[in-house]
Amino acid sequence: MPKTVFISHASPDKPAVEALANALRARGHAVWLDKYELSPQQSFVRQINDGLERADAGIVVFSEHTKQSAWVQAELDALLYAYIQERQPLIPVKLAEDAPIPPLLRPLLYRRIDEHEAISDALDNRKPVPQDVDAQAARTDRVRIRLDKTEDDRIAVAVTFNDAPEPFVETAYDALPAAIVQGREGFLRDFRAGLRRDADTARRSAMTRTLHALGEALRDFCLPGGARAALAAMLSATRVGDTVEVWFEAADAELLGLPLEALRLGDGRVLAVVPEVVVLRRVTDLAPLDFTPLPGPLKILVAVGAPDEGLSTAAVLDHERELQNILNATEQAHRSDTAQVRILEVGHPQAISEALERDDYHVLHLSCHGNAGVLLLETEDGEEMKVKPADLLEPIRGEGRTLPLVVLNACHGGVPDAQTGSFAHALLDAGVPCVLAMQTSVSDYYATELAAAFYRVLYRREHQRPSRALAKARKALEAARQKALQTEAPLYQTQPEYATPTLFVRDEAEPRLANFGPHREPLSTPPVYALAGPVPQLSRDAFIGRRKPLRQALRTIRTDTAKAGVLLTGIGGVGKSALAGRAMRRLVESGYVPVAHKGVWDLGAIATSVGTELMQMSDEALQKKGTLLFQPELPDTARLTLLQQVLATVPLLLVLDDFEQNLTAGGAAFRDGAVADYLQMLAHNARTSRLLLTCRYPLPATDLAAYFETVPLGPLSDAEARKLMRRLPAFEDLDPKEWARILRLVGGHPRMLEFVDALLNRGKGRLPEVENKLREILEEQGVSADAAVADVDAAIQQAILVGARDVLLEQLVDLAGAADAREA
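Residues numbered from 1 in each chain as written. Predicted model: local features only at pLDDT ≥ 70, side-chain atom pairs only at ≥ 80, totals over all residues. Heavy atoms only, no water.

## Some words on the overall build of the protein
Step number 1: Tallying secondary structure elements over the protein gives 28 helices and 26 strands in all.
Step number 2: Expected size for 824 residues packed as a compact globule is a radius of gyration near 28 Å; at 30 Å, the protein falls within 12% of this value.
Step number 3: Structurally, the protein occupies a C-alpha span of about 90 × 80 × 60 Å along its principal axes.
Step number 4: Partitioning the intrachain contacts of the protein with sequence separation of at least 6 by distance along the chain shows that 76% fall at a separation of at least 24. (Helix = DSSP H or I, 4+ residues; strand = E, 2+ residues; numbered from the N terminus. Rg over C-alpha atoms; globule rule 2.2 N^0.38 Å. Contact = heavy atoms within 4.5 Å.)

This is how it looks when you write it as structure tokens:
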């Protein structure tokens, strides 16, 4: 039902706000806007109050001018009150992507000011339906550049504009020009991948020169005769909103594998980053597909190939940041129920096959190392697995499902090897409509940022064609690189990689990924990104490493019927609770119902938590048991009996976090012997349910410990520690030598590294729990957490003292207890 809408905005933003108001009026809404409503004959304060009173919905437009407008702040207060107290719709609207949103409004789904239809839908309480942005474009021109090998082994080039019956120009070459051959070799050789901080101006300049020369050689080769001038004229004639598609087409893998995105125009611009240009590649000898877009929401399946250190010679990838970037990019679409992301625990073809068997996905995203024709994925045991196209395609083909887009976020996915075509070419040949792949080595930084930019456009801009999303992502990253060059940023942020990603398509017309009609097919089991409760739920980017212990814990809980569950052990601060939180989310997706208790054993509290979950189930018998467990006067014997019955029949995941609080100093014995008995009874009956414990020490009772698979957590490796340090704000401007000194003195203990960061940042930690722990210990020592430390050495020294209180002191107690036991 149309609303009466009050739009609050700063005066400098009025032109864009007027366009929004007109669009909402056209959709039937009554809009209060000061330009049209305020009369000089009346009190403007009274008129604004009247507008707020009459409105049954509010829009606040945020920009760089918002904070300077006292009137917007006052109107925002009134609209916030109406939203909180009266549940009146309130929509934050951004005039710019980086416009700040106040904390109270951040949980709301914000919109950009040009998303008129989505804002209208939100006012009417309708879920937004992605629009076909391409259909709204003023005009789409098409340029086809076809490369063929002739019977006499020459290379023919034909350029056609707007699908004319005859090519605009045709020519043939005896062979690839030497400049292209040399430039391609340099392109494949000179780019760095992996985690590095070294800024090398000379190397960056050489890479830039290589790409520049290659781009000019490709221009002369691909745009012969008058084609260059004709393309320039077409680009000059474009209007706002127009698109120029440039299709490179070839059947020959070598020709289609050229670094074509490096092509430069006559004026020096890179064709692929010209604002209105979209670049695609098509394999010409493949038959068209009978492809029907899959129903929405857009669903993406992510598989990471990250073999355990020591089981692979490849560098450690920052897959945590890439995964978090994908989740961040799709967060808004996830809230509006137009996108879902599933992340696999193991990057193995069989795991991919099982996921595709359960659900249709629009995108399969593979993040790993790669070489020409090979991806480096992983086995269930964390070993490196070399996967060729046939190895990936065999299990996928068996599911009989369509897979519209595969993203190969790996080095050389679009490069042919000596005998065969590229990995991307093989996927197209097998029936995949679109493949996004890399033409050379891609740096960890660029691959991660590209994933964020690509999915941000694909979902937030509501494009249904990956070529548009890639074009915008490429241009955004190149603009960021140009900006970084002005600040003397390091090589990994500034090496020119704009020509690395490319999109291969099979058909002459790029298919849409999804159909957002009335029929919807969400994932059979919704992804779980966070859970409420006492166990910490760190983001993907915040929780580094630990794939091996996570795999081990999940495998035991899901498949080992001889065990009641898993015991995560390790010194304080190594991430046991965070790992438990990650495991909880994955197990909820597998059908387990989570129940968590932290600290000292409390049978009543545990029973109440279990009862709360049972009362929400559809089974009346379970609801009755839940009601009984929820009663505070229920005797412990009855509680224990009911809990045992529930654990035997209901798929609960009972998490007991910080279990060391139930043990004596050093973990030698239980503080209360009854706790051991209670836990053993629950473990003995955990047939359908499973238990997950975190504890600094092994369980002291051997007969009890036998029920659990012990999964130890040690310090982070050097590579993992460096990944964590990249997340810590105070480390960003430190010299590499200071990084090395911190690692040498502090090691790979996550919380200790967080302490150093917080101390360098006047007590402000990246994670609230770390900051609170630091402040608590410093206050006990009579030290202010807000005081500045003198330098890195002082921060290290203070962190070691804090860590000795938080972690090392208890470890010394452990050692002393072990020594006493040996003497006895």
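## So, the state of the cysteines
Step number 1: Applying the stated criterion across every chain, the model contains zero disulfides.
Step number 2: In this structure C434 is a free cysteine whose sulfur lies 20 Å from that of C368, the closest cysteine sulfur available. (Disulfide = S-S within 2.5 Å.)

## Topic: unusual backbone geometry
Step number 1: With an omega of 0°, the peptide bond between G296 and P297 qualifies as cis.
Step number 2: Within the chain, R87 stands out as a residue other than glycine whose phi angle is a positive 60°.
Step number 3: Of note, R87 is situated in the loop between α4 (70-86) and β4 (90-94).
Step number 4: With relative accessibility at 59%, the residue R87 sits in the exposed group.
Step number 5: With phi around 65°, D153 is a residue other than glycine that occupies positive phi space. (Buried < 20%, exposed > 50% of the residue type's maximum accessible area, 1.4 Å probe, protein only.)

## Here's the deal with the layout of surface pockets
Step number 1: Of the volumes computed, that of the largest pocket is approximately 960 Å³.
Step number 2: G572, G573, S577, D658 and R751 are, among the 42 residues lining the largest pocket, the residues nearest its centre.
Step number 3: Of all the secondary structure elements, the ones that give two or more residues to the lining of the largest pocket are α18 (576-589), α26 (750-760), α27 (768-780) and α28 (792-823). (1 Å grid on protein atoms, 1.4 Å probe; cavity = no way out; pocket = protein on both sides within 12 Å on 5 of 7 lines; lining within 4 Å. Points joined across faces, edges and corners; volume = space filled by probe spheres on them.)

## Examining the sheet that holds strand β5 (residues 111-112)
Step number 1: If you trace the five strands from one edge of the open sheet to the other, you get β2-β1-β3-β4-β5, paired in parallel fashion. Unpaired on one side and paired on the other, β2 (30-32) and β5 mark the two borders of the sheet.
Step number 2: As paired strands, β4 and β5 are joined by two bridges and run parallel to one another. Residue pairing in the sheet places V93 in a bridge with R111 of β5.
Step number 3: Along the sheet, helix α1 (residues 14-26) contacts β1 (4-8), β2 and β3 (57-62); its crossing angle with β1, the most-contacted strand, is approximately 175°.
Step number 4: In this fold α4 packs onto β1, β3 and β4, with an angle of close to 140° to the strand it touches most, β3. (Pairing = 2+ DSSP bridges. Axes fitted to C-alpha atoms, helices over the stretch in contact; angles between N-to-C directions.)

## Some details on the sheet that holds strand β14 (residues 363-367)
Step number 1: Across the sheet, which stays open at both edges, the eleven strands sit in the order β8-β7-β6-β9-β10-β20-β19-β18-β14-β12-β13 with mixed pairing between neighbours. Looking at the sheet topology across the chains shown, the edges are occupied by β8 (169-173) and β13 (339-343). Across the sheet, the mean angle separating the axes of adjacent strands is 20° when strand polarity is ignored.

## Some remarks on the confidence of the model for the protein
Step number 1: Within the protein, residue pLDDT values average 86, and 91% of them lie at 70 or more.
Step number 2: This model gives residues 194-199 a pLDDT under 50, and the stretch forms 20 contacts once residues within four places in sequence are excluded.
Step number 3: Low pLDDT, under 50, characterises residues 811-824; the stretch is placed with six contacts to residues that sit more than four places away or in other chains. (pLDDT = per-residue confidence, 0-100.)

## Structural notes on empty space enclosed by the protein
Step number 1: Following the criterion strictly, the structure yields eight cavities of 30 Å³ or more and no others.
Step number 2: Taken as a whole, the largest cavity holds about 170 Å³ of empty space.
Step number 3: The set of elements that each furnish at least two residues to the lining of the largest cavity consists of α10 (319-335), α17 (547-559) and α18.
Step number 4: A per-class count over the lining of the largest cavity returns five nonpolar, two polar and eight charged. (Nonpolar A, V, L, I, M, F, W, Y, C, P; charged D, E, K, R; others polar.)

## Some details on the pattern of salt bridges
Step number 1: In the structure shown here, the tally under the stated rule is 42 salt bridges.
Step number 2: Measuring nitrogen to oxygen at the nearest pair gives 3.0 Å for the salt bridge that ties R154 to D174. Separated by 20 residues along the polypeptide, R154 in the loop between β6 (140-149) and β7 (155-161) and D174 in the loop between β8 and α6 (178-189) bring together distant segments of the chain.
Step number 3: Residue classification places D174 among the exposed positions, given a relative accessible area of 62%.
Step number 4: In this structure, the salt-bridge partner of R547 is E378, at a minimum N-O distance of 2.2 Å. Here the residue R547 occupies a position in helix α17, and E378 occupies one in strand β16 (residues 374-378), the gap between them amounting to 169 residues. (Salt bridge = Lys/Arg side-chain N within 4 Å of Asp/Glu carboxyl O.)

## Examining a negative patch on the surface
Step number 1: A cluster of acidic side chains, namely E354, E357, E380, D381 and E383, defines a negative patch on the protein surface.
Step number 2: Along the chain, E357 falls in helix α11 (residues 349-358). (Patch = residues over 30% accessible without salt bridge, like charges linked within 9 Å, V, L, I, M, F, W, Y side chains within 5 Å. Areas by Shrake-Rupley, 256 points an atom, 1.4 Å probe, with all protein chains shown as cover. Lys, Arg positive; Asp, Glu negative; His and termini not counted. Charge placed at Lys NZ, Arg CZ, Asp CG, Glu CD.)

## Things to note about the side chain of S367
Step number 1: By secondary structure assignment, the location of S367 is in strand β14.
Step number 2: For S367, the side chain forms a polar contact with the side chain of E322, separated by 2.7 Å.
Step number 3: Setting aside residues no more than four positions away along its own chain, S367 makes contact with A303, V304, G305, E322 and N409. (Polar contact = N/O pair within 3.5 Å; in protein donor to acceptor, adjacent residues only side chain to side chain.)

## What to know about the packing of aromatic side chains
Step number 1: All told, the structure shown has seven aromatic pairs when counted by the stated rule.
Step number 2: Taking 6.2 Å as the distance between ring centres and 20° as the angle between the ring planes, the aromatic pair formed by W601 and Y678 counts as stacked. On the criterion of sequence distance, the pair formed by W601 in the loop between β23 (593-598) and α19 (603-615) and Y678 in helix α22 (residues 673-684) is long-range, its members being 77 residues apart.
Step number 3: Residue classification places Y678 among the partly exposed residues on the basis of a relative accessible area of 22%.
Step number 4: Taking NZ or CZ as reference, R144 lies 4.8 Å from the ring centre of W247, over its face. (Phe/Tyr/Trp six-rings, centres within 6.5 Å; stacked < 30°, edge-to-face > 60°. Lys NZ or Arg CZ within 6 Å of the ring centre and 35° of its normal.)

## Some details on the nonpolar core
Step number 1: Among the nonpolar cores identified, the biggest contains 74 residues, and I145 and I352 are the most heavily contacted of them.
Step number 2: A per-element tally of this core places helix α7 (residues 201-222) first, with six residues.
Step number 3: Setting aside its immediate chain neighbours within four residues, I352 contacts L301, A303, L344, L364, L366, L392 and I396.
Step number 4: Ranked by size, the runner-up nonpolar core spans 56 residues in total, among them V528, V574, L587 and A758. (Core = buried A, V, L, I, M, F, W, Y, C linked by side-chain atoms within 4.5 Å.)

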